[in-house]
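# Structure assessment
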Amino acid sequence: MTHACCPGSYDPLTSGHLDVIQRTAELFDEVTVLVTHNPNKSGMFTPEERMRLIEECTGHLDNVRVDSWSELLVDYTTEHGIKTLVKGLRSAMDYEYEVPMAQMNRRMSGVDTLFIEADPKYGHVSSTLMKEVVRYGGSVEGLVPDPVQAALRARLT
């Protein structure tokens, strides 16, 4: 059985994230969407709230489960027998940021990182930008799943 992990802060989940998760679910038998968090930083949503939103938005995917982790990612992958991380890339900037982490993860544990190119319609979408748009009254319809849009509006307006 193949098992991949899609790690990220998901604060909050965007339609771009969901697209990468769905595409990963087509490639692997099992996918863990891992909400990573640093307890020394506060996000807009708690890790538990992020997990609930992801579970609601991925409920139609039978081979996807959601978990959270606040320590080294390679410790999680080793503990759970995961050999592949999957990361979405929107641009060359994402690649520049992600490659050193992928190389360090490989060096530390042997886990490989698979990069999936973002669907062009989500290339400009980031969690930070979605929060900012909603904060100032703009629409993010289609750029975040409906449950996330409702949660953003409830939190920010």
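Residues numbered from 1 in each chain as written. Predicted model: local features only at pLDDT ≥ 70, side-chain atom pairs only at ≥ 80, totals over all residues. Heavy atoms only, no water.

Secondary structure assignment for the chain yields six helices and five strands. For the chain, the α and β elements follow one another from N to C terminus as β-α-β-α-β-α-β-α-β-α-α. Taking 2.2 N^0.38 as the reference for a compact globule, 157 residues should give roughly 15 Å; the C-alpha atoms of the chain span a radius of gyration of 15 Å, in line with that estimate. With respect to the principal axes defined by its C-alpha atoms, the chain has extents near 45 × 35 × 30 Å. Split into buried and exposed, the 157 residues of the chain put 45% on the buried side. Pairs at least 24 apart in sequence give 74% of the contacts found in the chain among residues at least 6 apart. Mean positive and mean negative side-chain charge positions of the chain (15 and 23 charges, respectively) differ by 5 Å. (Helix = DSSP H or I, 4+ residues; strand = E, 2+ residues; numbered from the N terminus. Rg over C-alpha atoms; globule rule 2.2 N^0.38 Å. Buried < 20%, exposed > 50% of the residue type's maximum accessible area, 1.4 Å probe, protein only. Contact = heavy atoms within 4.5 Å. Lys, Arg positive; Asp, Glu negative; His and termini not counted. Charge placed at Lys NZ, Arg CZ, Asp CG, Glu CD.)

Residue Pro 12 is reached from Asp 11 by a cis peptide bond, and omega for that bond is 0°. By the element assignment, Pro 12 lies in the loop between β1 (3–8) and α1 (15–27). Even without glycine at this site, Tyr 10 takes up a positive phi of about 50°. Mapped onto the fold, Tyr 10 is located in the loop between β1 and α1.

With that out of the way, let us pick up helix α5 (residues 127–135). Those residues of α5 that fall on the buried side of the exposure criterion are Ser 127, Met 130, Lys 131 and Val 134. Projected down its long axis, α5 carries its buried residues within an arc of 100°, all on one side. Packed against the buried residues of α5 are α1 and α6 (146–156). Just past α5, the residue Gly 137 takes up positive phi, approximately 90°. (Arc of directions from axis to C-beta.)

Moving on to the sheet that holds strand β4 (residues 84–89). Spatially, the five strands line up as an open sheet ordered β3-β2-β1-β4-β5, and their pairing is parallel. Here the strands that pair on one side only, and so sit at the sheet edges, are β3 (64–69) and β5 (112–117). With direction set aside, neighbouring strand axes in the sheet form an average angle of 30°. Bridge analysis of β1 against strand β2 (residues 30–36) gives six bridges, and the strand direction is parallel. Looking at β2, one finds that Pro 7 is bridged to Leu 34. Contacting β1, β2, β3, β4 and β5, α1 runs over the sheet at an angle of about 120° to β5. Each of β4 and β5 is contacted by helix α4 (residues 92–109), which is oriented at about 170° to β4, the strand it contacts most. (Pairing = 2+ DSSP bridges. Axes fitted to C-alpha atoms, helices over the stretch in contact; angles between N-to-C directions.)

With that settled, the discussion passes to the packing of aromatic side chains. Following the criterion strictly, the structure yields two aromatic pairs and no others. For the pair Trp 69 and Tyr 76, a centre-to-centre distance of 5.1 Å together with 70° between the ring planes defines the contact as edge-to-face. Each member of the pair Trp 69 and Tyr 76 is classed as buried. (Phe/Tyr/Trp six-rings, centres within 6.5 Å; stacked < 30°, edge-to-face > 60°.)

What follows deals with the pattern of salt bridges. Under the definition given, this model contains nine salt bridges. A salt bridge links Lys 131 to Asp 11; the nearest nitrogen and oxygen atoms lie 3.3 Å apart. Separated by 120 residues along the polypeptide, Lys 131 in helix α5 and Asp 11 in the loop between β1 and α1 bring together distant segments of the chain. Judged by its relative accessible area of 7%, Asp 11 is buried. (Salt bridge = Lys/Arg side-chain N within 4 Å of Asp/Glu carboxyl O.)

Time to look at the UniProt feature "binding site: substrate" (unreviewed entry) in the chain. When the UniProt feature table is mapped onto this chain, "binding site: substrate" (unreviewed entry) is found at Ser 9, Lys 41, Leu 73 and Lys 87. Secondary-structure assignment places Lys 87 in strand β4. Assessed through its relative accessible area of 17%, Lys 87 is described here as buried. Aside from chain neighbours lying at most four places away, what touches Lys 87 is Pro 7, Glu 98, Thr 113, Leu 114, Phe 115 and Ile 116. (UniProt positions renumbered as here; feature names shortened; annotations may be inferred.)

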